[in-house]
Every structure is written in structure tokens, then in C-alpha cells.
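Geometric and topological summary
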Amino acid sequence: MKIICIGRNYTEHIEELQNEKPEEPVVFIKPDSSVLPKSNPFVIPEFSEDVHYEVEVLVKINRLGKYISEKFAHKYYNEIGLGIDFTARDLQAKLKAKGLPWEKAKGFDGATLIGRKWFEKDKFDLNDLNFSLSKNGEVVQDGNTKFMLWKIDELISYVSQFFTLKIGDIIFTGTPSGVGKVNEGDVLTGKIEDHKVFKVNVK
Ligand code: ZN
């Protein structure tokens, strides 16, 4: 199983990190070893002083495909979820400055939280879906998929030009603004509309 992530898919988040607006989606992959085992706490790795949360809507691929056209992309997933793309921002900044790959900053053990609840996509309007992340009970990220630069079906079509999508692959569709640092003792909870999707403790 691979985890395909989209960077810079929400305008406000691009502005907060002072990144340039991309002409094509920014794509990277996290290894399956980065998935945080269910009910484990997130442990801040020793090599970072500045790990950020990034809450993102997830798409679970349920059909093998390559060169999927946007028109048929909806046939390749049935469920959506929510997760966190944990990012060692200090390390990422160093790598970015040198033009080096980000993997160490985003693919370390535990850096991928996949919420345990999945929802049938037909339950929601995917072009107007509210989702949020709370830290210690306070909302820190409040997103809506209508602000995505590339919609889910466009992303599937785009990434499938490069990677064969396999059953069980997960796409992280990018984070809205409000990313921030996690600290020991934090409790992070994620919601899609009014549905609680995950809760994780930080150690
Ligand atoms: Zn991300």
C-alpha cells in the first residue's frame, strides 16, 4: 500500500508557508512504515524541534488503475476519510532550501495518521465538505474542500499518469491553513462535518 500526498492544494496554506502557487499538483509519497498503528500515541521524533500537524481529507482507492480520466475517477474510490500528515517542519525547511527530497521530514515512522472511520463518498458533497482539527479542544484547522485548487477527481487523474493506483492506496489531498506545532501532552481530534474521525495523543 502506498500513501500519495498532495502539497499546496489550498491557497491560504500556500500563503502561510510563503510557497509559490504551483502550476501542477505537488506530489510526494510516504512509505507504509510511516502509518501510526491504531490507538498508538504520536511520538515526537528526536530529530525535530518543530513537528507540525496537517489535517487532510483522505481518499481510499478501491480499484486498480492507470491513466484514469477525470470523468471516470469517481469509479476508483468509494470512501473518504481524514488523517494527519505529520511534518518535521524544521527538517523539511532545511531540505527544501537545498532542493533535496522531503521524505525524511514526512515519511518517518508514525508520520501518517489515518483516521479509523471511513465514510461512503455518496453521503457527502465532496465539493463542499467541512473538516477540522482540534488541539486540546480548540479548533486549529477548519477547512472546506471547495477551496481545493485541484479536486479529488482531478488529483486521481493527475497522479495516475505517474503511479498505478492499487486497491488500498490512500491519497492525502492537502492541508488547509492553520498548520502548527505539536507539543507533548497535546490531544488532536479530527472531524468531517459533525463526525468524529480520530483522536490521538502526542507524546
Ligand atoms: Zn500535507
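This is a predicted model, so every value here is computed, not measured.

Examining the nonpolar core
In terms of nonpolar packing, the biggest core is built from 48 residues, with Phe42, Ile84, Phe86, Ile156, Leu188 and Ile192 touching the most fellow members. Among the elements that line this core, the one with the most residues is helix α4 (residues 152-159), at five residues. Not counting residues up to four positions away in its chain, the partners in contact with Ile192 are Ile80, Gly81, Leu82, Phe119, Phe124, Leu129, Asn130, Phe131 and Val197. Counting 10 residues, the second largest nonpolar core, distinct from the first, contains Phe28, Leu58, Ile114 and Phe172.

Quick word on the sheet that holds strand β12 (residues 180-181)
Pairing is antiparallel across the open sheet formed by three strands, whose spatial order is β6-β3-β12. With one partner strand each, in any of the chains shown, β6 (87-88) and β12 form the two edges of the open sheet. As defined by bridge partners, strand β3 (residues 51-53) adjoins β6 across two bridges and the pair is classed as antiparallel. Looking at β6, one finds that Val51 is bridged to Ala88.

Regarding the packing of aromatic side chains
The description of two aromatic rings rests on the distance between their centres and on the angle between their planes. As enumerated under the stated definition, the model contains seven aromatic pairs in all. Seen from the ring of Trp118, Lys60 lies directly overhead, with NZ or CZ sitting 4.4 Å from the centre. Looking at Arg63, its charged tip hangs above the ring of Tyr76, at a distance of 4.8 Å from the centre.

Focus on α4
When you tally the buried positions in α4, you get six out of eight residues, the bulk of the element. Residues of α4 that are buried: Ile152, Leu155, Ile156, Ser157, Tyr158 and Val159.

With respect to the pairing of strand β10 (residues 138-144)
Where strand β9 (residues 130-135) meets β10, six bridges bridge the pair, whose relative direction is antiparallel. In the strand pairing of β10, Lys135 is matched with Glu138. Between β9 and β10, which follow one another and run antiparallel, lie two residues, and Asn136 among them has a positive phi close to 50°.

Looking at helix α2 (residues 89-97)
All of the buried residues along α2 are Arg89, Leu91, Gln92 and Leu95. Seen from one end, α2 has its buried residues packed into an arc of 155°, which puts them on one side. Projecting away from the buried face of α2 at angles above 90 degrees are the exposed residues Lys94 and Ala97. For α2, the elements touching its buried residues are α1 (11-16), β3, β6 and α3 (103-106). A positive phi of about 70° marks Gly99, the residue just after α2.

The rules behind each value
Per chain, residue numbering runs from 1 following the sequence as it is written. Local features in this predicted model are restricted to residues of pLDDT 70 or higher, and side-chain atom pairs are both shown and tallied only at a pLDDT of 80 or more, whereas totals for entire chains, interfaces and linings draw on every residue. Note that water and hydrogens are dropped before the side-chain values are worked out from all heavy atoms of the structure. Remark: nonpolar core denotes a set of buried residues (Ala, Val, Leu, Ile, Met, Phe, Trp, Tyr, Cys) joined through side-chain atoms within 4.5 Å. Type-normalised accessible area, obtained with a 1.4 Å probe on protein chains alone, sets the label of each residue: buried when under 20%, exposed when over 50%, and partly exposed for intermediate values. In this text, helices come from DSSP runs of H or I with a minimum length of four residues, and strands from runs of E with a minimum of two, each type numbered from the N-terminal end. It only takes one pair of heavy atoms within 4.5 Å for two residues to be counted as in contact. For two strands to pair, DSSP has to find at least two bridges joining them. In summary, the pairing rule links any two rings of Phe, Tyr or Trp, Trp by its six-membered ring, whose centres are within 6.5 Å, and it sorts them by plane angle into stacked for under 30 degrees, edge-to-face for over 60 and tilted for everything else. The criterion for a charge sitting over a ring is simple: Lys NZ or Arg CZ within 6 Å of the ring centre, and within 35 degrees of the ring normal. This arc is built from the directions going out from the helix axis to the C-beta atoms.

These figures come from the coordinates and say nothing about function on their own.
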